[in-house]
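As a plain string of letters, each chain reads:
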Amino acid sequence: MEKPEKITREAALRVALASRAMPNIGLTRLIEVLQECLGDSIDTETLRNITVTHLKTGFGSLDGEEDGEDIGIGLEAMKLAVRILWGDADDDEGLPPLEPYNEGDMPGSVRVAIASDFGLALNGHFGSCLRFLVYQVSPTESRLIDVRHTAEADFAPDKNLFRAQLIGDCHVVYVVSVGGPAAAKIIRADIYPIKLAEGGTADEVIAKFQEAMENSPPPWLLKILGVAAENRLRNYGANRAVDDVHAD
């Protein structure tokens with residue numbers, strides 16, 4: 001007789017995301033608390049039985065704090081974690097609609113990823129952010145063209161490589177922090193990582209990037225702009241070749 005799964009894939013994704021919503025809690029620790037409350041078998045239905053009180057009591061018990069008040073987790077973080085476990089958290093809530101982009105629409109543009117946990121903001125670490133906001137940016141225009149979620153990274157053999165490949169078409173990635181090994185994988189993917197520990201709104205980040213593009217691009221940005229222009233010319237030549245074939 002086939003044994004039931006200890007945790008279903010959808011439930012595992014929710015648990016992984018919920019652990020990231022609470023910065024001081026690791027995935028293993030959260031699973032311990034969930035198993036204490038729900039038993040060994042966890043699925044999307046049983047996760048809906050979890051409450052903030054369960055988390056507060058469970059984490060407090062692990063820390064030896066009976067009331068769970070001194071465990072270093074904010075109440076709002078625990079509320080978000082519970083919503084994620086329930087499947088009720090729409091982490092794209094409040095984002096503007098994506099804008100269409102076709103190659104060549106924005107001359108002189110490059111693609112920029114922003115590590116984000118919530119809102120339209122740079123507030124995520126490369127190795128743990130819930131998603132990447134992807135913008136097409138020129139000196140005079142910017143478009144939010146995609147939102148790429150990172151939940152599947154938790155099932156990848158190399159989580160940081162998975163994340164780098166997820167934004168592999170981007171030229172730049174902004175992060176609040178990134179470790180040395182992860183940064184090396186980003187650079188090997190031909191993406192330039194920029195660390196802004198203070199974070200900020202996406203609009204502020206993009207505006208400063210546009211200012212650098214327009215007025216005083218540093219050497220690394222000049223290189224990116226040159227590569228982007230070379231790729232556009234290559235694509236233009238390929239398109240012309242296709243047009244010529246069709247004309248014949």
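Calculation notes
Residues numbered from 1 in each chain as written. Predicted model: local features only at pLDDT ≥ 70, side-chain atom pairs only at ≥ 80, totals over all residues. Heavy atoms only, no water. Axes fitted to C-alpha atoms, helices over the stretch in contact; angles between N-to-C directions. Helix = DSSP H or I, 4+ residues; strand = E, 2+ residues; numbered from the N terminus. Parallel < 35°, antiparallel > 145°, perpendicular 65-115°, else oblique. Contact = heavy atoms within 4.5 Å. Nonpolar A, V, L, I, M, F, W, Y, C, P; charged D, E, K, R; others polar. Core = buried A, V, L, I, M, F, W, Y, C linked by side-chain atoms within 4.5 Å. Buried < 20%, exposed > 50% of the residue type's maximum accessible area, 1.4 Å probe, protein only. Salt bridge = Lys/Arg side-chain N within 4 Å of Asp/Glu carboxyl O. Pairing = 2+ DSSP bridges. Phe/Tyr/Trp six-rings, centres within 6.5 Å; stacked < 30°, edge-to-face > 60°. Polar contact = N/O pair within 3.5 Å; in protein donor to acceptor, adjacent residues only side chain to side chain.

### A closer look at the packing of helix 1 (residues 9-21) against helix 5 (residues 75-86)
The relative placement of two packed helices comes down to the angle between their axes together with the axis-to-axis distance.
Right, so step 1: Look at helix 1 against helix 5: their axes get within 8 Å of each other, and the N-to-C directions meet at 170°. Relative to helix 5, the element helix 1 lies roughly antiparallel. Listed contacts from helix 5 to R14, V15, L17, A18 and A21 of helix 1 are A77, L80, A81, I84, L85 and W86.
Right, so step 2: Within the contact of helix 1 with helix 5, the residues separate by chemical class into 10 nonpolar, no polar and one charged.

### Observations regarding the nonpolar core
Grouped burial of nonpolar side chains is what soluble globular proteins tend to show.
Right, so step 1: Grouped together as the largest cluster of nonpolar side chains are 25 residues, with contacts concentrated most on M22, L30, L34, L55 and F59.
Right, so step 2: Mapped by element, the contributors of at least two residues to this core are helix 1, helix 2 (27-38), helix 4 (52-62) and helix 5.
Right, so step 3: The residues contacting M22, other than those within four sequence positions of it, are L30, L55, F59, I73, A77, M78 and A81.
Right, so step 4: With 21 residues, the next largest nonpolar core counts Y135, V176, I206 and L221 among its residues.

### Some details on the pattern of salt bridges
Right, so step 1: Within the structure shown, the criterion is met by eight salt bridges.
Right, so step 2: Put simply, D105 and R143 hold a salt bridge, and the shortest N to O gap is 3.5 Å. With a gap of 38 residues between them, D105 in the loop between helix 5 and strand 1 (110-116) and R143 in strand 4 (residues 142-149) connect regions that are remote in the sequence.
Right, so step 3: By relative accessible area, which is 35% here, D105 ends up partly exposed.
Right, so step 4: We note a salt bridge from D169 to R111, for which the minimum N-O separation is 2.7 Å. Here D169 is found in the loop between helix 6 (159-166) and strand 5 (172-175), whereas its partner R111 is found in strand 1, with 58 residues between them in sequence.

### Notes on unusual backbone geometry
Right, so step 1: At D190, a residue that is not glycine, the phi angle is positive and equals roughly 65°.
Right, so step 2: Of note, D190 is situated in the loop between helix 7 (180-188) and strand 6 (192-195).
Right, so step 3: We classify D190 as exposed; its relative accessible area is 67%.

### A word on the sheet that holds strand 3 (residues 131-137)
The pairing of strands in a sheet comes from backbone hydrogen bonds and takes either a parallel or an antiparallel form.
Right, so step 1: An order of 4-3-1-5-6 is seen for the five strands of this open sheet, with the pairing classed as mixed. Of all strands in the sheet, those bounded by a partner on one side alone are strand 4 and strand 6. Across the sheet, the mean angle from the axis of one strand to that of its neighbour is 25°, orientation sign disregarded.
Right, so step 2: The pairing of strand 3 with strand 4 spans seven bridges and is antiparallel. Residue pairing across strands places Q136 opposite R143, the latter belonging to strand 4.

### Looking at the packing of aromatic side chains
Right, so step 1: Considering all chains together, one arrives at three aromatic pairs under this definition.
Right, so step 2: Judged by centre distance (6.3 Å) and plane angle (85°), the rings of Y174 and F209 are edge-to-face. Note that Y174 is positioned in strand 5 and F209 in helix 8 (residues 202-214), a separation of 35 residues in sequence.
Right, so step 3: Given a relative accessible area of 2%, F209 falls into the buried group.
Right, so step 4: Considering the side-chain rings of Y192 and W220, the 4.2 Å spacing of their centres and the 5° angle between planes classify their relative orientation as stacked. Pair noted here: Y192 is in strand 6 and W220 is in helix 9 (residues 219-247), with a separation of 28 residues, a long-range link.
Right, so step 5: Exposure remark for W220: the relative accessible area of 22% places this residue in the partly exposed category.

### Describing the side chain of T150
Right, so step 1: When you line up the elements, T150 lands in the loop between strand 4 and helix 6.
Right, so step 2: Among the polar contacts listed, one links the side chain of T150 to the side chain of R20, at a separation of 3.0 Å.
Right, so step 3: Setting aside residues no more than four positions away along its own chain, T150 makes contact with R20, C129, L130, R131, F132, R163 and L166.

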